[in-house]
Amino acid sequence: MTEEGFLTTLTEVNTYDSPAQSFTSEDGVQNARGRILGGSSAINAGFYSRADPEFYDRSGVNWDLSLVNQSFEWVERGVVFRPELKNWQSAVRDGLIEAGIDPYNGYSLDHLVGTKIGGSTFDSSGKRHSAADLLNYARPANIKVAIYASVERVLLASSSSSSFSNVRSRQSAIGVVFRDEMGKYHHAMVREQGEVLLCAGAIGSPQLLLLSGIGPRPYLSSWGIPVAYHHPYVGQFLYDNPRNGISIVPSVPLEHSLIQVVGITQDGAYVEAASNAIPFIPPARSVFIRTPSSPLFLTVATIMEKIVGPVSFGSLSLASTDVRVNPIVRFNYFSSPIDLERCVNGTRRIGNVLRSPSLDYFKFSEWFGSRNFRFVGPALPVDQSNNEQIADFCRRTVSTIWHYHGGCVMGRVVDQNYHVIGIGGLRVIDGSTFRVSPGTNPQATLMMLGRYLGLKIIRERNRD
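Residues numbered from 1 in each chain as written. Predicted model: local features only at pLDDT ≥ 70, side-chain atom pairs only at ≥ 80, totals over all residues. Heavy atoms only, no water.

What follows concerns unusual backbone geometry. A negative phi holds for most residues other than glycine; trans holds for most peptide bonds. Residue proline 103 is reached from aspartate 102 by a cis peptide bond, and omega for that bond is 5°. Of note, proline 103 is situated in the loop between helix H4 (87-98) and strand E4 (104-107). Cis rather than trans, the peptide bond between glycine 309 and proline 310 has omega equal to 0°. Mapped onto the elements, proline 310 comes out in the loop between strand E17 (296-307) and strand E18 (314-317). Although it is not a glycine, tryptophan 402 adopts a positive phi angle of roughly 65°. Of note, tryptophan 402 is situated in the loop between strand E23 (399-400) and strand E24 (405-406). Unusually for a residue other than glycine, tyrosine 418 sits at a positive phi of about 75°. Note that tyrosine 418 resides in the loop between E24 and strand E25 (423-424). (Helix = DSSP H or I, 4+ residues; strand = E, 2+ residues; numbered from the N terminus.)

This is the structure:
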């Protein structure tokens, strides 16, 4: 996959086997998740930036920060590249600085207040790299990868063995059932003192726990799912960082670019940008526009803001006992006034960037010498000092930046070593355990987490 294929991957989807699986939350916001080796790191915008320091303080984990840094560096050697900024990203970088999001920190993978260039998982040729690339560092004799396969449920058995970390568990994970592309079922069983590690993400991991009988007893019983362990918080505390922004048709040609630059503010918002070529569809039955023989594309440039957190949360429930069917999700965007205030702050920052000298180049000349942007979709409110108007803009234009998390949160579903509370031999190691999204974009922290916990588990087993 390449940078140019980003939008195509998100939009050309089918029910069971496209790389991206689309879904619409009960909030009415279109969303997507990765259904491919590498997960959503194989379909995202490729921006790479480490977690903010506050993430470690608020995560509920006693982090070994030296090992955290080693794990980040290991990931970065394999899949992270310095992007080359072209006209839109360069202009937005300068506009962020002119809008007062300073200092300018240059190229950095660290979370730094101000404006910076981040890393990218696209290399200089535009080829995507993902978490799947890190399998190249595995020992082939120790790993077997099943592709075009979906795990249906975790297999559990009664156990009082002290070999598992949670000796009081009535149930322990002994393996999984998975289905191949032909629909045939298989079992993968753990070895002695082995564990099942769920890494299916904020949608998939709580869904799998529910399908395996780990969740709220009354709810599971209503689906006819045998209850293995009553876990009232599985699928609860599900978060998604709302995205709001504007899009323009620029007055000059633009290159395709995904997120490469970020403005990290101190008022609860991050500002990013992208530029894409999107299909232009002439009006039906147009007298003046003949239907083209080949597709026409329109370059659209976007500036967006994502809020920190968020505080608002929702929940996940099953839509089917078929794991391939997306669960029902609701995020309750802006149900907390704190989130709405942060969006107002971030939206004002976008307005400041649009008024910066560096963005003037992308305006169109109008009658009587004025220059203005040509917006695609809603423009910002004219009176950006009016909180109510900007808050209304936030609610009307809310979309996702695909940074949803939670559903198996730390301290409620898993303990600080990522063991599922009450179940032996089972851990959840992904963004479903997060209470807040780490930094500007979570993929760096998620890939670090895989390496970090892998090393921790090896150390535990060596001690045993």
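Another point: a nonpolar patch on the surface. Among the surface-exposed residues, Met1, Ile36, Leu37, Leu135, Ile143, Val145, Ile147 and Tyr148 lie close enough to one another that they form a single nonpolar patch of about 710 Å² accessible area. Its place among the elements puts tyrosine 148 in the loop between strand E6 (119-120) and strand E7 (150-158). Relative accessible area serves as the criterion here: at 58%, tyrosine 148 is assigned to the exposed category. (Patch = residues over 30% accessible without salt bridge, like charges linked within 9 Å, V, L, I, M, F, W, Y side chains within 5 Å. Areas by Shrake-Rupley, 256 points an atom, 1.4 Å probe, with all protein chains shown as cover. Salt bridge = Lys/Arg side-chain N within 4 Å of Asp/Glu carboxyl O. Buried < 20%, exposed > 50% of the residue type's maximum accessible area, 1.4 Å probe, protein only.)

Evaluated as defined, the whole model comprises 1 disulfide. Disulfide pairing is shown between cysteine 343 and cysteine 394; the S-S distance is 2.2 Å. The sign of the -100° torsion about the S-S bond sets the cysteine 343-cysteine 394 disulfide as left-handed. In this pair, cysteine 343 is assigned in helix H7 (residues 337-354) and cysteine 394 in helix H8 (residues 387-396), connecting sequence segments 51 residues apart. Residue classification places cysteine 343 among the buried residues on the basis of a relative accessible area of 0%. A relative accessible area of 0% places cysteine 394 in the buried class. (Disulfide = S-S within 2.5 Å.)

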